[in-house]
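Observations on the model geometry
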Protein chains: 2
Amino acid sequence: MADATFTFNENGSPASALGFSAIGVHAGFRPDPERLDMALVVADEPCAAAATFTTNVFCAAPVRVSREHLNEGAPGQPAYGCARAVVINSGIANAATGERGLQTARETCEIVGDAVGCPADEVLVASTGVIGQHLRLEPFATGVPAALAATKVAASPEERTAQGLTAARAIMTTDTRPKHGAVTFEGDAIGYPGATFTVGGMAKGAGMIMPNMATMIAVITTDAPVAAPDLSAALTASVNKSFNKVTVDSDTSTNDTCFALASGAAAPAGPAFAPGTPAFAAFQDALDALTTTLARAMAADGEGATRLITVRVRGAATADDADAAARTVANSPLVKTAVYGHDANWGRVAAALGRSGAQFRQEDVDIDILGLPVCRAGLVVDFDEDEALRRFEEPEVAIEVDLHAGEESATMWTCDFSHEYVTINGDYRS
Amino acid sequence: MADATFTFNENGSPASALGFSAIGVHAGFRPDPERLDMALVVADEPCAAAATFTTNVFCAAPVRVSREHLNEGAPGQPAYGCARAVVINSGIANAATGERGLQTARETCEIVGDAVGCPADEVLVASTGVIGQHLRLEPFATGVPAALAATKVAASPEERTAQGLTAARAIMTTDTRPKHGAVTFEGDAIGYPGATFTVGGMAKGAGMIMPNMATMIAVITTDAPVAAPDLSAALTASVNKSFNKVTVDSDTSTNDTCFALASGAAAPAGPAFAPGTPAFAAFQDALDALTTTLARAMAADGEGATRLITVRVRGAATADDADAAARTVANSPLVKTAVYGHDANWGRVAAALGRSGAQFRQEDVDIDILGLPVCRAGLVVDFDEDEALRRFEEPEVAIEVDLHAGEESATMWTCDFSHEYVTINGDYRS
């Protein structure tokens, strides 16, 4: 960690950073009037923006439009520019909707731009919900002005905090709980005396259901002064360490979108954080802490999950080997059902390692489950099964592997595989 | 298909080809005396042998020993040579057992060699069952001579057929039914007038449970005259089209072993089938028909399966793209749970295609499920949901994709993902 003090705020959200408002409302995409279904994040001024999108060939219309607004040349290229607002609806994914869907996403940005007072291409848009259905514009037409008006009358910090939490609720689909937070750090030790910087955010994602092509959506705001290209680099690095290390159903989810906006409002007079400086390092650390927290929350809230599983592989010959080994273990239905069954079944971990493509010798491998050594030098170790069962009562299950083939390491987060997962995904129409 | 007539025999097994005996017995690896737990396949004379093994780094001792006996230089290299017998036990996998496990596998081969009257290195060995436990030699010491004696007193074809079926039962673990068959073709049109050739076989495999590192084992015998290198090439080609296209839990199973033995007994005077001739083509077709039948039976008997799923992708730009697209769809827990829920959920198929790495444009993709067009040009198609529900009553569910990106195609077989899968794999210790 950089040379700064970090504070985590569990009630944080995109509304936490100076220069931003965030709110969730019921706009009318969902039939239940009690259910929030639209989130709006608005910056007081145009600000630096960046995003990461995954590269699924089947991508939803809002992903295409947001890419255009951030000047992304091709999927996977850095996407950054200037933005003033982010609008997200839940209930309908606006995916597999062809030209009409693209038009809807563009008109959505125009509605937001008209209300906020900015060009439509300074609006970023995301949708999550059912595929193959057309998204109506009416809920945006009424919901966006109402949401914006509500943010303007929220005077107290308490009101703003509460509004930010409604934004996190409005983007939920099969999530059982909202995912949000903020990290704060002081500027004194990094060249910005007296300033306090905040990185706030929210995320949704629990699986790819209904079917929903935009499994995971996150919005991050910061009042640190960061230029768009640098924000893009920091975001990409952070997403690779956090959201891209989460798997619920056998791969990092498709059509993911993660937006980041930087207002600079916490240091209006100061220069932008320059890469390589202590200030930028502190910002990267705060961003990483937030995205990791949100990513772990997504894994823990995976569809039907009863346990968060953390898979750590060390001693890999290459970084790719470490990632492949950790990813293959985390994706194994057999490992995930074993955790559901409270079974410290290291043979399934070994089998997954063995087919991961990572280079190692089986006679070198050590495996710990829940802190208990269960495999040493590729051979079974007697362990206390009763103690293992007791440790399975914890909400998080650690699977730790040392391949003894090198110096590289990787961590993945996933969840167990339960009857409830099959019920959610197999029975939803019945 | 080659220019020959093929007949499929549902009661076929490795005992069907001339020059081979096959039997299953209760040797004592499992506690239940009613349960067969050892299969022995014996050739009357030393014969050409070949094998394919998957390349899991964690491989069981019998895999290593069989590789040595077939002169395999390195995992993935062609493995062939000369063999006289195959011995397989179920109940204990002899995996993660270190040097002692290798010694046990070697002594197993010696026991069989002594009984049959051949060098130990003409014996091939496989094990399936629980990992991390040592395999006892006593059951082999008593079971192998008893099994061999029983084959020698089986005089009638009916007795030999019945014995072959016991071999298929003896290698079962969580399989709910034995998997076996034989394909016969006449020699008249392929240069061997009056001769009838048979390719017989058995297989096991339903998932990777208990944990079992040797998920899938198959033994194929033929009385066609095929030299070992050619048998190896034919087997590798056939396995790539059949067993390697099966997925039950998210990849082709680990530490698979498929043995093939060719006695030449159906044409003792004739020359060996030469690659490029009609005879060899007929043999390859018969072998492919048998391995495909066994592979489909494995997928249909996947742990907890209620439906066989066949995924066919055509119109791919490359063969690798076709395989990746079909494999990603077949491995998707969301697709598999949708089939379990009788839901023609093409959005999940599209999402899997989109993340498969295959190159295509979403606006070109057509998808049929159970023969019903559900997606055309990347867009949703209205279809008769009641008709879809009726078709889901069939035992096999076809998912057909045309990427319209090229000329290549691939087929994968899998099964649906049920509550019972989670029960089998999550609850087995409880």
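All figures in this text were calculated on a predicted structure; none of them were measured in a lab.

About the cut-offs
- Residues numbered from 1 in each chain as written.
- Chains lettered and ligands numbered in written order.
- Predicted model: local features only at pLDDT ≥ 70, side-chain atom pairs only at ≥ 80, totals over all residues.
- Heavy atoms only, no water.
- Helix = DSSP H or I, 4+ residues; strand = E, 2+ residues; numbered from the N terminus.
- Rg over C-alpha atoms; globule rule 2.2 N^0.38 Å.
- Buried < 20%, exposed > 50% of the residue type's maximum accessible area, 1.4 Å probe, protein only.
- Contact = heavy atoms within 4.5 Å.
- UniProt positions renumbered as here; feature names shortened; annotations may be inferred.
- Polar contact = N/O pair within 3.5 Å; in protein donor to acceptor, adjacent residues only side chain to side chain.
- Phe/Tyr/Trp six-rings, centres within 6.5 Å; stacked < 30°, edge-to-face > 60°.
- Lys NZ or Arg CZ within 6 Å of the ring centre and 35° of its normal.
- Domains from an automatic or database assignment.
- Buried area = accessible area lost by both parts, 1.4 Å probe.
- Salt bridge = Lys/Arg side-chain N within 4 Å of Asp/Glu carboxyl O.
- Nonpolar A, V, L, I, M, F, W, Y, C, P; charged D, E, K, R; others polar.
- Pairing = 2+ DSSP bridges.
- Axes fitted to C-alpha atoms, helices over the stretch in contact; angles between N-to-C directions.
- Parallel < 35°, antiparallel > 145°, perpendicular 65-115°, else oblique.
- Left-handed = near helix turned anticlockwise from the far one by under 90°.
- Expected span 1.5 Å × (residues − 1).

In this section: the overall build of chain A. The secondary structure content of chain A amounts to eleven helices and 15 strands. Its C-alpha atoms give chain A a radius of gyration of 22 Å, within 12% of the compact-globule value 22 Å for 430 residues. Dimensions along the principal axes, computed over C-alpha positions, put chain A at roughly 65 × 60 × 40 Å. Put simply, chain A has 430 residues, and 62% of those count as buried. Sequence-distant contacts in chain A: of pairs separated by 6 or more residues, those separated by 24 or more amount to 78%.

The next thing to look at is the UniProt feature "binding site: substrate" (unreviewed entry) in chain A. Residues and elements named next belong to chain A. The feature "binding site: substrate" (unreviewed entry), as annotated in UniProt, sits at T173, K204, T215, E303, N425 and S430 in this numbering. Within the secondary structure, K204 sits in strand β7 (residues 196-204). Polar contacts involving the side chain of K204 include one to the side chain of T128, which spans 2.8 Å.

The next thing to look at is the environment of B:E99. Residue and element names in this part refer to chain B. On the secondary structure map, E99 appears in helix α2 (residues 98-116). For E99, a relative accessible area of 61% gives the class exposed. Residues E99 and S16, spaced 83 residues apart in sequence, show a C-alpha to C-alpha distance of 37 Å.

Here we take up the packing of aromatic side chains. All names here are of chain A. Across all of its chains, the model carries 19 aromatic pairs over all chains by this definition. Following the ring pairs from residue to residue traces out a cluster consisting of F6, F185, Y192, F197 and F273. One residue, K336, lies across the ring of F417, its end atom 5.5 Å from the ring centre.

The next thing to look at is the domain arrangement of chain A. Residues and elements named next belong to chain A. As assigned here, chain A comprises domain 1 (6-300) and domain 2 (308-426). Computed over C-alpha atoms, the centres of domain 1 and domain 2 are 32 Å apart. Listed by partner, the interface residues are 16 residues for domain 1 and 16 residues for domain 2. Here domain 1 packs against domain 2, burying approximately 1300 Å² in sum over the two surfaces, 51% of which is carbon and sulfur. Ranking the residues of domain 1 by area buried against domain 2 places K245, T247 and R296 at the top, with a combined share of 45%. The interface formed by domain 1 and domain 2 holds two salt bridges in total. K245 is the salt-bridge partner of D323, the closest N and O atoms lying 2.4 Å from each other. The interface formed by domain 1 and domain 2 includes four residue pairs in polar contact (both at pLDDT 80 or more). No other element matches the four residues that helix α6 (residues 278-300) contributes to the side of domain 1 that touches domain 2. Partitioned by chemical class, the residues of the side of domain 1 that touches domain 2 number five nonpolar, six polar and five charged.

A separate point is the environment of B:F280. Residues and elements named next belong to chain B. Within the secondary structure, F280 sits in helix α6 (residues 278-300). Here F280 falls in the buried class, since its relative accessible area comes to 9%. Residues F280 and D230 lie 50 residues apart in sequence; the distance between their C-alpha atoms is 9.2 Å. Residues within four places of F280 in sequence aside, it is in contact with V226, D230, A234, F273, A274 and P275.

Considering all chains together, one arrives at 32 salt bridges over all chains under this definition. Linking A:R376 and A:D368 is a salt bridge whose minimum nitrogen-to-oxygen distance equals 2.7 Å. Exposure remark for A:D368: the relative accessible area of 17% places this residue in the buried category. Residues B:R177 and B:D301 are paired through a salt bridge, measuring 3.8 Å at the closest nitrogen-oxygen approach.

Moving on: unusual backbone geometry. Residue and element names in this part refer to chain A. A positive phi angle, close to 55°, is found at L370, a residue other than glycine. By the element assignment, L370 lies in the loop between β11 (366-369) and β12 (372-376). If you check the backbone angles, H404 has positive phi at about 50° while not being a glycine. Judged by relative accessible area, H404 falls into the partly exposed class, the value being 43%.

All names here are of chain B. Of all the eight residues making up strand β6 (residues 179-186), seven are buried; the element is thus mostly covered by neighbouring parts of the structure. Note that strand β1 (residues 6-9) and β6 share four bridges and pair antiparallel. Residue pairing across strands places F6 opposite F185, the latter belonging to β6. Bridge count between β6 and strand β7 (residues 196-204): eight bridges; the pairing is antiparallel. If you follow H180 over to β7, its bridge partner there is M202.

Further remarks concern the sheet that holds strand β15 (residues 408-415) of chain B. Residue and element names in this part refer to chain B. If you trace the six strands from one edge of the open sheet to the other, you get β13-β12-β11-β14-β10-β15, paired in mixed fashion. The sheet terminates laterally at β13 (379-380) and β15, the two strands that pair on one side only. Where strand β10 (residues 308-316) lies against β15, seven bridges are found, and the strand directions are antiparallel. From the neighbouring strand, I309 faces β15, where its bridge partner is T414. Running over the sheet, helix α9 (residues 346-355) touches β11 (366-369), β12 (372-376), β13 and β14 (396-402) and is turned about 135° from β11.

This brings us to the packing of helix α5 (residues 228-241) of chain B against α6(B). Residue and element names in this part refer to chain B. Contact pair α5 / α6: the axes reach a minimum separation of 9 Å and the direction vectors enclose 40°. One element, α5, and the other, α6, form an angle in the oblique class. Classified by chirality, the crossing of α6 by α5 is right-handed. Contact residues: α5 offers D230, L231, A234, L235, A237, S238 and K241, while α6 offers F280, F283, Q284, L287, D288 and T291.

It is worth spelling out the sheet that holds β12(A) at this point. All names here are of chain A. With respect to topology, six strands assemble into an open sheet ordered β13-β12-β11-β14-β10-β15, the strand pairing being mixed. Bordering the open sheet on either side are β13 (379-380) and β15 (408-415), each of which pairs with just one other strand. Both β11 and β12 contribute to a ladder of three bridges, which runs antiparallel. When the sheet's bridge partners are listed, D368 is paired in β12 with P373. Strands β10 (308-316) and β15 of the sheet are contacted by helix α7 (residues 319-331), whose axis makes an angle of about 20° with β15. Along the sheet, helix α9 (residues 346-354) makes contact with β11, β12, β13 and β14 (396-402), crossing β11 at roughly 135°.

Below, the discussion takes up the packing of α2(B) against helix α3 (residues 138-152) of chain B. Residues and elements named next belong to chain B. Axis separation between α2 and α3 bottoms out at 10 Å; the angle between their running directions is 30°. Crossing handedness for the pair α2 and α3: right-handed. Together, T108, I111, V112, A115 and V116 of α2 and F140, A141, V144 and L148 of α3 make up the contact between the two elements. Looking at the contact of α2 with α3, its residues break down into eight nonpolar, one polar and no charged.

At 3.6 residues per turn, the α-helix brings residues three or four places apart onto the same side. Residues and elements named next belong to chain A. When the terminal C-alpha atoms of helix α2 (residues 98-116) are compared, their 28 Å separation across 19 residues agrees well with the 27 Å that a helix rising 1.5 Å per residue should span. Those residues of α2 not exposed but buried are G101, L102, T104, A105, T108, C109, V112, G113 and V116. On its buried face, α2 is in contact with β3 (38-53), α1 (61-69), β4 (79-92), β5 (123-130) and α3 (138-152). Phi turns positive one or two residues past the end of α2, at G117, with a value near 95°.

Bringing the environment of A:G270 into the picture now. Residues and elements named next belong to chain A. Relative to the elements of secondary structure, G270 occurs in the loop between β9 (257-262) and α6. Classification of G270 by relative accessible area gives partly exposed; the value is 28%. The spatial distance from the C-alpha of G270 to the C-alpha of P225 is 7.8 Å, given a sequence separation of 45 residues.

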